[in-house]
Each structure stands twice: as structure tokens, then as C-alpha cells.
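The chain contents come next:
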Amino acid sequence: MPNQMLEGIVAERADVVFVDGVRTPFGRAGEKGQYWNTRADDLIVKAMIGLLERNPNLPPERVDDVAIAATTQTGDQGLTLGRTAAILAGLPLSVPGFAIDRMCAGAMTSVATIGSMIGFGQYDVGIAGGVEHMGRHPMGAGADPNPRFLAEKLVDPEALNMGNTAERLHDRFPSLTKERADRFGMRSQQKVAAAYAAGKIQPDLIPVAIKSASGWGLATEDEGMRPETTMEGLATLKTPFRPHGRVTAGNASPLTDGATVSLLASADAAKDLGLTTKMRMVSFAFAGVEPEVMGIGPIPSTEKALRKAGLTIDDIGLFELNEAFAVQVLSLLDHFGIDDDDPRVNPWGGATAIGHPLAASGVRLMIQLARQFEEHPEVRYGLTAMCVGLGQGGSIIWENPHFSAKKGGKR
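Residue indices begin from 1 for each chain and proceed along its sequence in written order. At least 70 in pLDDT is required for a residue's local features to be given in this predicted model, at least 80 for side-chain atom pairs to be given and counted, and no such filter applies to totals for whole chains, interfaces and linings, which use all residues. The side-chain figures draw on all heavy atoms in the structure; neither hydrogens nor water molecules are used.

For the protein, an unreviewed UniProt entry supplies the name acetyl-CoA C-acyltransferase and the organism Pseudolysinimonas yzui. If you open the UniProt record of the protein and go to Sequence similarities (unreviewed entry), you find "Belongs to the thiolase-like superfamily. Thiolase family." UniProt positions are given in the numbering used here, feature names are shortened, and annotations may be inferred rather than shown by experiment.

This is the structure in C-alpha cells:
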């Protein structure tokens, strides 16, 4: 009898779908950046309002929960962001919310968490995203790492500086040369510029009103783009993390402000509410590695996600990999035997040009992958993956609802 009762109350597992995602334009952090006079919570609220306006079929009261990530949860980036953002965005007070921190993979973890709640059958609809105002809240600001980390040699001191961990990757893998990293960074700038010229990125950007000394304006595009980048110019850049190093501002993501947000639902709820289905969540995984070489984190997390999905790397037809540092992406490509210029990898460029507002970046990868799925019905599976500070990696595998074997699809 008890087992029969349990069977009656355990919810049926549900397919989790990515309905939609939007983001603010990303701005350069600091006093000269476009968001210097803009609050972090206003960035995420603006993105949430834009998301809700794009999906008028969704009754606001049907949102079961809101998960918003931030790495530095203080000031205007604190106070349980998911809840405060939900209230400020005009959702009913009956809609709860919470905050998440997994450093760079914050928004990715928000999606995995809300997706798990939906997949377990407890929720029908959820909002997941992230925000980072690195101008107001630099990475690590106000943090007080436990002295045991260094006293007991649990981690190397360089592990607390992401640039140093990228240099360590170059040390560990001599084949990951500065020239390769520079070329990858240059190609990222070129690909983002081409995507902008073709109008591929703009449809998912929510303009943000900004204030500067000259008055009010409107942020409508990413501020970090440098399409004029050349290999010759990159060769002259300083290596700030060590003398004669290999990591520069040209082959790494800039310090960035911005927000991203996504709408997730069960497949049944999406159908009932007349919502789109842009992707289906297949599997996800997070993994830990040595903090000193945190950039290799996406390798074990991707292997883990592939195993859980019963897939191999050859089944992945599109890759959206976060370019925290070019060397980090290159390490994953080498591990899986993928060429630096493989057209499946970051076809519209990445964080080197767009920027990497830490906890927000995961959903930016998903937004771009969803758009690319629309253009590639021959591709069945795509991967979003990223490295995470203190030695972690995160990966989510998605299925393309537009996939058609008749289009020549094999992956």
C-alpha cells in the first residue's frame, strides 16, 4: 500500500524546452562603459520585461519561479535577485524567486536548476538568467577567501586569478600557442562583426536607456566589438598576468556589464499556452578540476553530459563555447580533435568580442544556439559549455526541434 501511494504522488517526468531568451547589449565595465550609471538590478529587470513582452501568451501568474544568478551578490546585485527582479518586473507577488552563484556559470546553473524543477514535474514554467555589473562589482570584490586555501596549500595562489589560470593552460599544453590564441580572438571579432552585419544578433537584444554626462541615450549593441583587430596589432599587446606571457586583452574576454534571461517550460505547458519551442534540454553536467587550470573544466563536464545523453562528440553539430580566454576554448577543441576553424564552433563569434558578464554569459550562449538551430535543420544536437572559476566546468546539450533527416542531417 505505501508503494502504491508513493506511485500516486510522484510526478511524471517532463520534457524541458527553451521557449525564448533575450539579453541586454553588453557594455564595457568601468567609468567609460555605457552602464556606469545604471543599476545591476535594473539591467536584469529590463531584460525580464522584454522577455515577458515577447511572449504575451504567457499569463504572468503561470510563472512558477524565477532564478537569477550573480557572482558578486552585494549592493544592487544582492537581496535575493530572483525575488526582487520578479517584483520589479511586475510579476504577481505570488511568483517566488531566488539567487544563484556559480561564478561564470551562474545563468547556466539557473537554467539547469529551473529545468530540473520542470523535468521533475513540480513546475510548468520558469524564468532563469543572470546579471553582472563588473563595473560596480569587480570579480572578488569584498570576498574574504578562507586562509586555509593558502596555509594548507589547498590551491595555488594563482588559482584565485583567472588570467593566471589561463597562462597555466599555455604552460601545460605547449601546442596551445599565443599565435593560435590570438588568431582565435581575431576570428571571434570578425565573426561577431559579420553576424551583426547580417542582423543575426540584434533581434534578441533588449535596448536599455542609459545616462551619461551628455544626457540620456540608448544602449542598442555590444560595446566590446573590435572588428578592426589584426594579428599584427594583437602581437603588440601587453601580457598583464606575467612578463612575456601569452594572455592579452586581445585573446580574452573584456570586463563586462550585462544581463540575460530565458523562459523555460515543460513541453506540454508550452503547447497548452501556445509558446514556441526553440530547443529541448537533453542533458547537463558540471564537473570540478584543479583550480589552477580551471579552463579545462568544460572537458569533463562535456564528457559527463555526453555520457548521460548517450551521445558522442561526433553527434554535436553546433558548439557555443564561452570564450573567457581563447586558450580555454582551444584546450577543449584539441581534446576532442576539433579544428580551430571548425564552422560548427561559435559561428557568430563569442565573448572575446561580445564580452563576458560572468554570471550572465550562460544564457547568451543558449540564445545564439537557439537562433542557429533555426538556420540549421540538418543539425540535431548542440552544446553550450563554459569554464568556471575555482576549477569547474558546465555543459548543457540541447536538441533542435527543427531537425529534419530529410535536410541531410546526421548529427
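Asker: I'd love a proper account of the packing of helix α4 (residues 106-119) against helix α13 (residues 361-375), names of residues and values included.
Answerer: Every axis in this analysis is a line fitted to C-alpha atoms, fitted for helices over the stretch in contact. Angles between the N-to-C directions lie between 0 and 180 degrees. In this text, helices come from DSSP runs of H or I with a minimum length of four residues, and strands from runs of E with a minimum of two, each type numbered from the N-terminal end. Between α4 and α13, the least distance of the axes is 5 Å, while the angle of their chain directions is 70°. Considering their axes alone, α4 and α13 lie roughly perpendicular with respect to each other. Taken together, the residues of α13 that come into contact with α4 (itself represented by Ala 107, Met 108 and Val 111) are Gly 362, Val 363 and Met 366. Three classes are used, and their members are as follows: Ala, Val, Leu, Ile, Met, Phe, Trp, Tyr, Cys and Pro are nonpolar, Asp, Glu, Lys and Arg are charged, and the others, Gly among them, are polar. Within the contact of α4 with α13, the residues separate by chemical class into five nonpolar, one polar and no charged. With respect to orientation, any angle under 35 degrees is reported as roughly parallel, any angle over 145 as roughly antiparallel, any angle of 65 to 115 as roughly perpendicular, and every other angle as oblique. We call two residues in contact when some of their heavy atoms are within 4.5 Å.

Asker: Now, about the nonpolar core: what can you tell me, with residues and values included?
Answerer: Working definition of a nonpolar core: buried Ala, Val, Leu, Ile, Met, Phe, Trp, Tyr and Cys residues. They are joined through side-chain atoms within 4.5 Å. Only protein chains enter the accessibility calculation, which uses a 1.4 Å probe. A residue is then buried if its area is under 20% of the maximum for its type, exposed if over 50%, and partly exposed in between. Among the nonpolar cores identified, the biggest contains 38 residues, and Ile 44, Met 48, Val 66, Leu 91, Ile 127 and Val 131 are the most heavily contacted of them. Those elements that place two or more of their residues in this core are β1 (16-23), α2 (40-54), β3 (65-69), α3 (81-88), β5 (125-133), β6 (208-212), β8 (256-266) and α9 (267-273). It is α2 that provides the largest number of residues to this core, a total of eight residues. With 37 residues, the next largest nonpolar core counts Ala 285, Val 293, Ala 305 and Leu 330 among its residues.

Asker: How would you sum up the packing of α2 against α3? Please name residues and give values.
Answerer: One can describe the packing of α2 onto α3 by two numbers: an axis separation of 9 Å at closest approach and a directional angle of 60°. Relative to α3, the element α2 lies oblique. α3 is crossed by α2, and the crossing has right-handed handedness. Touching Asp 41, Ile 44, Val 45 and Met 48 of α2 are Leu 81, Ala 85, Ala 86 and Leu 88, all from α3. A class-by-class count of the residues in the contact of α2 with α3 yields seven nonpolar, no polar and one charged. Each crossing gets its handedness from the near helix: less than a right angle anticlockwise from the far helix is left-handed, clockwise is right-handed.

Asker: How would you sum up the UniProt feature "domain: Thiolase C-terminal" (unreviewed entry) in the protein? Please name residues and give values.
Answerer: Taking the UniProt record as the reference, the feature "domain: Thiolase C-terminal" (unreviewed entry) is found at residues 276-399. Structurally, residues 276-399 is divided into 34% helix and 26% strand, and its ends, taken at the C-alpha atoms, are 14 Å apart.

Asker: Give me the UniProt feature "domain: Thiolase N-terminal" (unreviewed entry) in the protein: which residues, what numbers.
Answerer: Taking the numbering used here, the UniProt-annotated feature "domain: Thiolase N-terminal" (unreviewed entry) corresponds to residues 16-267. End C-alpha to end C-alpha, residues 16-267 measures 6 Å, and it is 31% helix and 19% strand.

Asker: Let's hear about the pairing of strand β10 (residues 316-321): which residues, and what values?
Answerer: Of all six residues that make up β10, six are buried, and the element is covered over most of its length. For two strands to be treated as a pair, DSSP must find at least two bridges joining them. In the sheet, β10 pairs with strand β11 (residues 381-388) via five bridges, with the strands oriented parallel. Across the sheet, residue Ile 316 finds its bridge partner in β11, namely Tyr 381.

Asker: Which residues make up the pattern of salt bridges, and what values do they have?
Answerer: We count a salt bridge whenever a side-chain nitrogen from Lys or Arg sits within 4 Å of a carboxyl oxygen from Asp or Glu. Applying the stated criterion across every chain yields a total of 26 salt bridges. A salt bridge links Arg 246 to Asp 171; the nearest nitrogen and oxygen atoms lie 2.5 Å apart. Remark: Asp 171 occurs in helix α6 (residues 162-172) and Arg 246 occurs in the loop between α8 (231-234) and β8; sequence separation between them is 75 residues. The class for Asp 171 is partly exposed, based on a relative accessible area of 38%. For the salt bridge of Glu 290 with Arg 172, the shortest nitrogen-to-oxygen distance reads 3.1 Å. With Glu 290 in the loop between β9 (279-288) and α10 (298-309) and Arg 172 in helix α6, this residue pair connects regions lying 118 residues apart in the sequence. Residue Glu 290 is classed as partly exposed on the basis of its relative accessible area, which comes to 39%.

Asker: Can you explain the pairing of strand β7 (residues 215-219)? Please cite residues and give values.
Answerer: Here β6 runs beside β7; their pairing, made up of five bridges, is antiparallel. Among the inter-strand pairings, Lys 211 is bridged to a residue of β7, identified as Trp 216. Linkage of β6 to β7, two consecutive antiparallel strands, is achieved through a turn of two residues.

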